[in-house]
Amino acid sequence: DIPGEARDGSFVTTTVKVIDNKSGGNHLGDKSDVKTLANIHYRGNSSMDFDKKGYLLKFINKDGTDNAEKIIGMNKHSEWVLHGPYLDKTLLRNYLWYHISGEIMDSAPDSRFCELFVDEEYKGVYLMVESPSRGDKSRMQVKKVKKDKDYTGYIIRLDRGSSNPLKDVNSFSKYTMNTDLDSEVELKLDIVYPGKNRLNETLQEYIRKDLSKFEKSLYSYDYDSKRYGYTKYIDTDSFVDYFIINEFTQNRDAGKMSTYLYKDYNGKFKMYVWDFNSANDYYTDYTSLEAFYLQWSTWYMMLMKDEKFTDRIINRYRYLRRHYLSDEYLLNYIDEIVAYLGDAVDRNYDVWGYTFDEENDLLVPTNRNVRSYEEAIEQLKTHIVERGKFMDEHIESIRQFSSESKVKKYNH
């Protein structure tokens, strides 16, 4: 039995085999390219309740140490996520936006499609993703903690928090209640890296103070000054691109849940995209096309008060709309992914086809639910075109958040 539903961090050790014939079909009887022990458990928040489970895999050696392996064309890593698209009937939202984000930003999760068998039972199309964690070849460039040092690079997550109290960070944002903006659940900042084997109270306190330096500068009257302001601490381009990608896709969880921030020692803070499963009008509740959302989230509620920041968003968006976010580029990209998946889509829905039936609807209201794979692809394309049209016409309206006002607290 695979643990995880109790969300207590428990796992079971198993064997993972990866079959990757570079041409032709793959079969269970074929020689495996990678075979390793792994600690495994179910993962996810709301997706934990889905029939098609997601998994976290930590590859290990016989002595329990990390075993980084190259997997289906991706760099060596020891920690992987197997995402099983269930809510997303196209199967491709995460793949699409991870790869588009990788073309736009310095770093984004690497991912590849695969078909999964558990105990020789076919589970359908999955996406194998480099987890948002540190590794020598990880997309998150954070150096390994040096032994007996009282400083470190680190990875932070804004979400529901950790079951390990040592991993929770009561930074300045928490003190000012800016982690609780527009949220139905209590959000917490927790430390993803260093992990439990390296994290101690000294490093936890270092991370709290270091993160709070940035946050205090952001919430201060000097927020936009060159000498004391937030630009001393963050890679502004990273925050700009994160805003654009998540607004374009209307990724409602961004800035609240599954929100990753990372920083190498002596480096600047960078944002990291994660989880587009419910993006592009696949959030359970309807998301209006005619609005912006991220300006009410942690960090952005203050960044958007700076006219230089909003101007950078507008200029960068106009540039990306001519390239990676153009209708032509994105719609063609989707067609290429669908062609690549080919018969795997049919095999997947031989198992999960019942999810198209009305009694299994998850989106509200019911008429938002699609009844076929073809309809799902068309819905995704339609949303991309319509959202792009809205943002083309209204992107400059975000200047309202940074414009001078008699009641604005920070007019500089």
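The following refers to the structure shown.

Calculation rules
Residues numbered from 1 in each chain as written. Predicted model: local features only at pLDDT ≥ 70, side-chain atom pairs only at ≥ 80, totals over all residues. Heavy atoms only, no water. 1 Å grid on protein atoms, 1.4 Å probe; cavity = no way out; pocket = protein on both sides within 12 Å on 5 of 7 lines; lining within 4 Å. Points joined across faces, edges and corners; volume = space filled by probe spheres on them. Helix = DSSP H or I, 4+ residues; strand = E, 2+ residues; numbered from the N terminus. Nonpolar A, V, L, I, M, F, W, Y, C, P; charged D, E, K, R; others polar. Core = buried A, V, L, I, M, F, W, Y, C linked by side-chain atoms within 4.5 Å. Buried < 20%, exposed > 50% of the residue type's maximum accessible area, 1.4 Å probe, protein only. Contact = heavy atoms within 4.5 Å. Expected span 1.5 Å × (residues − 1). Pairing = 2+ DSSP bridges. Axes fitted to C-alpha atoms, helices over the stretch in contact; angles between N-to-C directions. Polar contact = N/O pair within 3.5 Å; in protein donor to acceptor, adjacent residues only side chain to side chain. Parallel < 35°, antiparallel > 145°, perpendicular 65-115°, else oblique. Left-handed = near helix turned anticlockwise from the far one by under 90°.

## What to know about the layout of surface pockets
Point 1. Considered as a void within the structure, the second largest pocket measures approximately 1,600 Å³ in volume.
Point 2. Lining of the second largest pocket is provided by 44 residues; of these, Lys17, Cys114, Glu115, Leu116 and Phe117 occupy positions nearest its centre.
Point 3. Listed by contribution, the elements that provide at least two residues to the lining of the second largest pocket are β1 (12-18), β2 (34-43), β3 (54-60), β7 (111-118), β8 (121-130), α7 (327-341) and α8 (344-352).
Point 4. The dominant element in the lining of the second largest pocket, judged by the number of residues it contributes, is β7, at 7 residues.
Point 5. Looking at the lining of the second largest pocket residue by residue, the classes come out as 23 nonpolar, 9 polar and 12 charged.

## Structural notes on the nonpolar core
Point 1. Of all hydrophobic cores here, the largest spans 99 residues; its most connected members are Leu96 and Tyr300.
Point 2. Non-local contacts of tyrosine 300, meaning those with residues more than four positions away in its chain, are made with Phe239, Tyr242, Phe243, Met271, Leu294, Gln295 and Phe309.
Point 3. Grouped together as the second largest cluster of nonpolar side chains are 19 residues, Ile71, Cys114, Leu116 and Tyr126 included.

## Digging into helix α9 (residues 373-394)
Point 1. In this model, α9 (22 residues) spans 32 Å end to end at C-alpha, consistent with the 32 Å of a helix rising 1.5 Å per residue.
Point 2. Contacts from the buried residues of α9 go to α1 (93-104), α4 (236-248), α6 (307-321), α7 and α8.

## Let's talk about the sheet that holds β8
Point 1. If you trace the 6 strands from one edge of the open sheet to the other, you get β1-β2-β3-β6-β8-β7, paired in antiparallel fashion. One side of each edge strand has no neighbouring strand; the edge strands of this open sheet are β1 and β7. Between one strand and the next, the sheet's axes are offset by a mean angle of 40°, whatever the strand orientation.
Point 2. Relative to β3, β2 runs antiparallel, the two sharing 7 bridges. Its bridge partner being in β3, leucine 37 is matched across the sheet by isoleucine 60.
Point 3. Most of the contacts of α8 go to β8, to which it runs at about 120°, and overall it touches β7 and β8.

## Digging into the environment of aspartate 51
Point 1. When you line up the elements, aspartate 51 lands in the loop between β2 and β3.
Point 2. Excluding residues within four positions of it along the chain, aspartate 51 makes contact with Tyr86, Trp352 and Tyr354.
Point 3. Polar contacts involving the side chain of aspartate 51 include one to the side chain of tyrosine 354, which spans 2.5 Å.

## Thoughts on empty space enclosed by the protein
Point 1. Per the stated rule, a full pass over the model turns up 3 cavities of 30 Å³ or more.
Point 2. Forming the walls of the largest cavity are Asn246, Glu247, Gln250, Asn251, Arg252, Ala254, Lys256, Tyr293 and Leu294.
Point 3. Within this model, the second largest cavity holds a volume of roughly 60 Å³.
Point 4. Leu87, Lys89, Tyr282, Thr355, Asn360, Asp361, Leu362, Leu363, Asn369, Val370 and Arg371 together form the lining of the second largest cavity.

## Concerning the packing of α1 against α9
Point 1. Running from N to C, α1 and α9 point in directions that differ by 35°, and their axes come no closer than 12 Å. Counting all contacts with α1, which are made through Arg93, Leu96 and Trp97, the residues of α9 involved are Gln379, Leu380 and Ile384.

## Quick notes on unusual backbone geometry
Point 1. A cis amide bond links tyrosine 193 with the next residue in sequence, proline 194, at an omega value of 5°.
Point 2. With respect to the helices and strands, the residue proline 194 is situated in the loop between β10 (188-193) and α3 (201-218).
Point 3. The omega angle of the peptide bond from valine 364 to proline 365 is -5°, so this bond is cis rather than trans.
Point 4. The residue proline 365 is located in the loop between α8 and α9 in this model.
Point 5. The backbone phi angle of glutamine 250 is positive, close to 50°, even though this residue is not glycine.
Point 6. Its place among the elements puts glutamine 250 in the loop between α4 and β11 (259-263).
Point 7. Glutamine 250 gets classed as buried once you look at its relative accessible area, which sits at 3%.

## Remarks on the packing of α6 against α9
Point 1. Between α6 and α9, the shortest axis-to-axis distance is 11 Å and the interhelical angle comes to 140°. Between α6 and α9, the angle falls in the class oblique. You can see that α6 and α9 cross each other, and the crossing is left-handed. On α9, the residues that touch Tyr317, Arg318 and Arg321 of α6 are Gly388, Lys389, Met391 and Asp392.

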